Amino acid sequence: MSRTSMLCTALAISLSSLALVVCGSGPAHAATCRPTGVAGDVDRDGRADLVVGDPYADGSQGAVEVVRHSGQRTHITRSQLPGDPGDEPEFGTAVAVADLTGDGCLDLAISSPGDGGREGEDVPDHEGDPPDPGTPALPTVFIVRGTPTGFTTAEPIRVTDPEAGTFTSFADDIAVLQPTPTSPPQLVVGMSTRREGRGGVAVYGFDGGRPGAPVIVDRSSPGVDGSATARSYFGESVATSGRSIVVGAPGTRVAGVDQAGSVTVLTSTAAAPRSFTGRSWSQDSAGVPGGPEVEDGFGYSVAAGHGWVAVGVPTEDLDGRTNPGAVQLFQLSAAGDLVPRQLLGQNTAGIPDSSEDYDRFGESVTIGLGLQRAGVPAVLVTSPLEARAAPAPQYSGAWTVVHLPTVKAAGYSLASPGVPGHPAADAGYDMEVSALAGPQASAAARRDAVVVGIPNRSRGRVLVDASWRGTWQSLESSEVATSDGFGAALG
């Protein structure tokens, strides 16, 4: 262990009563945070750092780990933060990184959807006292503030469900909206089950480092097309790019077809928007290939960036197969307009492998720049129940990198040359993907890193390709004894 790491650990232990984390600091001379322009660069060394959610750690108390490019780590658990965590807060279900407090330091947004909830009892206790009714959860997104020397768990900002007391699924998914590079970031929180599954998203601006009242948007909001319908689950997935928020509603009834699914793009011209306009798309929209089918789940996952939107349709039936899955591509204009492009499946020319029953291609999607070739946009797609190796354990999982706009793809699994590890049965369940921003460079030279979370592999692992540290990395939690699902969320 380096002297810096030893000092960091000693400080964290000696100050634990103050709930202070001073781990993995930036350059020793830095007294203030000076952003480098690289997204996700928490320690300001010019390289993106990885944030991993581990929501089932320690009996579903949950944890988040920051893995720096340098190798230093910060492990944050729900128990380090103030307040009663409840029985199963699942802290780390979703994560995001941004300077939400406006001081130049990157902060962590960490969802804790079961926060404070305690299960009740059905029968009186042995002394005849009435059953304990329990405590309902208060779904929360914690903002763990960045400082010039690391992250502090003292006095985190709590963003709580604005409709507490009803079942909204607040904080199951989160994202950060930043309309321009100089505008203040805003926190976007999905609320997919509010109002009997009509759903919504809550958008929070920050003033003086504190969240303001949220703007709650659904398909019944002024300026948004369509209408909010029960069990559409608007807000099940959220992604942002520029001025746009892309919202998945995989349960939407389309043309009389249940659970066909839709996506809506919300846009605003304001730097700190208080209202949005929105247009929705489905497989019944002009120019979108295919057609709505029962339980397609169009919008189960969404990704946006570099002029593209990817919509996961993991239970799409194609080519006579059941649930092989698909990804619908759109081009995204600066004004938030979508232009339908290809529907990708594993039988699409240029995509490796072939469609098989229950592959669920498209369950997780992300978009990066230079994921396979420098400067070329690409969509990264999981097929978690794929068995690509031969012979392969069942449901060992796979992922595919697809160049855009020309569909040239490369497929990977735990059996691929150079990829650490080996295939294991059921490892693909809940597989997640993300992209780490490459070093600041011209767009033509940029190489983002492929990140794959495999939370069902032993206690969970995260793989990062060679563009991050020169060789593929296989990462476990630094607290592996209590980890359970490391890699379930990536930021």
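- Per an unreviewed UniProt entry, the recorded name for the protein is Repeat domain-containing protein, and the organism is Auraticoccus monumenti.

## Overview of the overall build of the protein
Phase 1 of the analysis: Scanning the protein from terminus to terminus reveals 4 helices and 30 strands.
Phase 2 of the analysis: Taken against the 2.2 N^0.38 rule, which gives 23 Å for 491 residues, the C-alpha radius of gyration of the protein at 22 Å falls within 12% of a compact globule.
Phase 3 of the analysis: For the protein, the C-alpha atoms occupy an extent of roughly 60 × 60 × 50 Å along the three principal directions.
Phase 4 of the analysis: Relative to its full complement of 491 residues, the protein shows a buried share of 55%.
Phase 5 of the analysis: As displayed, the protein offers around 19400 Å² of accessible surface, 50% of which is attributable to carbon and sulfur atoms.
Phase 6 of the analysis: Charge centroids of the protein, computed over 32 positive and 55 negative side chains, lie 9 Å from each other.

## Examining the sheet that holds strand β19 (residues 308-313)
Phase 1 of the analysis: As summarised here, the arrangement of the 4 strands in space is β18-β19-β20-β21, forming an open sheet in which the pairing is antiparallel. Since the sheet does not close on itself, it has two edges, and those belong to β18 (301-305) and β21 (338-344), each with one partner. Pairs of neighbouring strands in the sheet enclose a mean axial angle of 20°, with direction left out of account.
Phase 2 of the analysis: When β19 meets strand β20 (residues 326-332), the two strands line up antiparallel, connected through 6 bridges. Across the sheet, residue glycine 312 finds its bridge partner in β20, namely valine 327.

## Side note on the sheet that holds strand β3 (residues 73-77)
Phase 1 of the analysis: Taken together, the 4 strands give an open sheet; going across it, the order is β3-β2-β1-β30, and neighbouring strands pair in antiparallel fashion. Of all strands in the sheet, those bounded by a partner on one side alone are β3 and β30 (489-490).

## As for the state of the cysteines
Phase 1 of the analysis: Evaluation of the coordinates by the stated rule reveals 1 disulfide.
Phase 2 of the analysis: A sulfur-sulfur distance of 1.7 Å marks the disulfide that ties cysteine 33 to cysteine 105. For the disulfide bridge between cysteine 33 and cysteine 105, the dihedral angle about the S-S bond is near 90°, and by the sign convention the bridge is right-handed. Taken together, the positions of cysteine 33 in the loop between α1 (3-14) and β1 (50-54) and cysteine 105 in the loop between β4 (95-98) and β5 (107-112) put the pair 72 residues apart, joining distant regions of the chain. Both residues of the pair, cysteine 33 and cysteine 105, belong to the buried class.

## Brief notes about the pairing of strand β7 (residues 150-160)
Phase 1 of the analysis: Bridge analysis of strand β6 (residues 140-147) against β7 gives 7 bridges, and the strand direction is antiparallel. Residue pairing in the sheet places threonine 147 in a bridge with glycine 150 of β7.
Phase 2 of the analysis: As consecutive antiparallel partners, β6 and β7 are separated by 2 residues.

## Side note on a negative patch on the surface
Phase 1 of the analysis: Residues Glu293, Asp317, Asp353, Glu356 and Asp357 make up a contiguous surface patch of negative charge.
Phase 2 of the analysis: Inspection of the secondary structure assignment puts aspartate 357 in the loop between β21 and β22 (365-369).

## What about the side chain of serine 60?
Phase 1 of the analysis: Along the chain, serine 60 falls in helix α2 (residues 57-60).
Phase 2 of the analysis: If sequence neighbours within four positions are ignored, serine 60 has contacts with Pro55, Glu88, Pro89 and Glu90.

## Regarding the packing of aromatic side chains
Phase 1 of the analysis: Applying the stated criterion across every chain yields a total of 6 aromatic pairs.
Phase 2 of the analysis: Seen from their ring centres, tyrosine 412 and tryptophan 472 are 6.4 Å apart, and the 50° between their planes marks the pair as tilted. On the criterion of sequence distance, the pair formed by tyrosine 412 in strand β25 (residues 409-412) and tryptophan 472 in the loop between α4 (466-469) and β29 (473-475) is long-range, its members being 60 residues apart.
Phase 3 of the analysis: For tryptophan 472, a relative accessible area of 21% corresponds to the partly exposed category.
Phase 4 of the analysis: Within the aromatic cluster, the residues linked to one another by ring pairs are Trp399, Tyr412 and Trp472.

## With respect to the nonpolar core
Phase 1 of the analysis: Counting residues in hydrophobic clusters, the biggest one holds 19 residues, and the most contacted among them are Val141, Ile143, Phe170 and Leu187.
Phase 2 of the analysis: Contacts of valine 141, omitting those with residues within four sequence positions, involve Ala109, Ile110, Ser111, Ile157, Arg158, Val159, Phe170, Ala171, Ile174, Leu187 and Val189.
Phase 3 of the analysis: Formed by 17 residues, the second largest nonpolar core is a distinct cluster that contains Leu371, Val419, Met431 and Ile454.

## Here we look at the pattern of salt bridges
Phase 1 of the analysis: Applying the stated criterion across every chain yields a total of 13 salt bridges.
Phase 2 of the analysis: Residue aspartate 84 is joined to arginine 118 by a salt bridge in which the shortest nitrogen-to-oxygen separation is 2.7 Å. One end of the pair, aspartate 84, is in the loop between β3 and β4; the other, arginine 118, is in the loop between β5 and β6, and 34 residues separate them in sequence.
Phase 3 of the analysis: Its relative accessible area of 35% is what places arginine 118 among the partly exposed residues.
Phase 4 of the analysis: One network of salt bridges, with partners in common, ties together Glu163, Arg194, Arg195 and Asp218.

Calculation rules
Residues numbered from 1 in each chain as written. Predicted model: local features only at pLDDT ≥ 70, side-chain atom pairs only at ≥ 80, totals over all residues. Heavy atoms only, no water. Helix = DSSP H or I, 4+ residues; strand = E, 2+ residues; numbered from the N terminus. Rg over C-alpha atoms; globule rule 2.2 N^0.38 Å. Buried < 20%, exposed > 50% of the residue type's maximum accessible area, 1.4 Å probe, protein only. Areas by Shrake-Rupley, 256 points an atom, 1.4 Å probe, with all protein chains shown as cover. Lys, Arg positive; Asp, Glu negative; His and termini not counted. Charge placed at Lys NZ, Arg CZ, Asp CG, Glu CD. Pairing = 2+ DSSP bridges. Axes fitted to C-alpha atoms, helices over the stretch in contact; angles between N-to-C directions. Disulfide = S-S within 2.5 Å. Patch = residues over 30% accessible without salt bridge, like charges linked within 9 Å, V, L, I, M, F, W, Y side chains within 5 Å. Salt bridge = Lys/Arg side-chain N within 4 Å of Asp/Glu carboxyl O. Contact = heavy atoms within 4.5 Å. Phe/Tyr/Trp six-rings, centres within 6.5 Å; stacked < 30°, edge-to-face > 60°. Core = buried A, V, L, I, M, F, W, Y, C linked by side-chain atoms within 4.5 Å.

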